[in-house]
Amino acid sequence: RILRAYAAYDMEIGYVQSMSTIVSMLLFNIQEEEECFLGLVALFRNYGLRYLLVRDLEGLRETAFTIFEKLMQHYFPQVWNHFEEIGLHPSLFLTNWLLEIFFGYIPFSQLLQLWDLFILNGTPVLYSFIVTIISFNQGHLLSLKDVEAFNEIKHSPTYGYSHEKILMLCTTKYKLSYEKIHTITGLYPYPQ
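Definitions and cut-offs
- Residues numbered from 1 in each chain as written.
- Predicted model: local features only at pLDDT ≥ 70, side-chain atom pairs only at ≥ 80, totals over all residues.
- Heavy atoms only, no water.
- Helix = DSSP H or I, 4+ residues; strand = E, 2+ residues; numbered from the N terminus.
- Buried < 20%, exposed > 50% of the residue type's maximum accessible area, 1.4 Å probe, protein only.
- Contact = heavy atoms within 4.5 Å.
- Lys, Arg positive; Asp, Glu negative; His and termini not counted.
- Charge placed at Lys NZ, Arg CZ, Asp CG, Glu CD.
- pLDDT = per-residue confidence, 0-100.
- Phe/Tyr/Trp six-rings, centres within 6.5 Å; stacked < 30°, edge-to-face > 60°.

1. Looking at the overall build of the protein
When you go through the protein residue by residue, the secondary structure sums to eleven helices and zero strands. In the protein, the succession of helices and strands from N to C terminus is α-α-α-α-α-α-α-α-α-α-α. The 192 residues of the protein split such that 48% are buried. Counted over contacts in the protein with a minimum sequence separation of 6, partners at least 24 positions apart contribute 72%. Of note, the protein has its 13 positive side-chain charges centred 4 Å away from the centre of its 19 negative side-chain charges.

Here is the structure:
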């Protein structure tokens, strides 16, 4: 009912498949449907999730992928060049990671902590987490022979690494703010 209500509330977006995972995370913490609906509205309006979805994912394609590319060039230029060499486009993994906010890709306990950080700090936390994942997987990423070999990392990007250490680096060494993202990339995760 929450998803139908949102689709009626925001007819430009309507219903997008990833919404169900976001609502499930909200329902995990907010049991009242009306409050959950209001939480969904707030996430889409105040955290830029709506911007990623408008006009057939235009914000995702034109902004999120570009931000990722520029962050990669800034932090891990060798990995980015290797992605280009093997034809690994961000759409093959960022779409799911960002639209589902890592639901189903990382252990649930880590997901809860990431969601807490996301609610507190906004969209930049997701980019910080992605940069941290890349840093941990850098050696493996440079050894990939083709796009298919990336599936293991796509589906379990933190497997085999300390969840506490990943979250610590996400909030320290690779901590990004709206301003820092803008300084590095010339873009904001969504219009300010």
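2. Remarks on the confidence of the model for the protein
Chain-level pLDDT for the protein is 91 on average; 98% of the residues reach the 70-or-more range. Within the protein, the lowest mean pLDDT, 85, falls on helix H4 (residues 49-75), and the highest, 97, falls on helix H5 (residues 77-86).

3. Examining the packing of aromatic side chains
This structure, assessed with the given rule, holds 21 aromatic pairs. A ring pair is formed by Tyr6 and Phe44, whose centres lie 5.1 Å apart and whose planes are at 40 degrees; its orientation type is tilted. Separated by 38 residues along the polypeptide, Tyr6 in helix H1 (residues 2-9) and Phe44 in helix H3 (residues 33-46) bring together distant segments of the chain. Note on accessibility: Tyr6 and Phe44 belong to one class, buried. Taken together, Phe68, Trp80, Phe83, Phe93, Trp97, Phe102, Phe129 and Phe150 form an aromatic cluster joined through their ring pairs.

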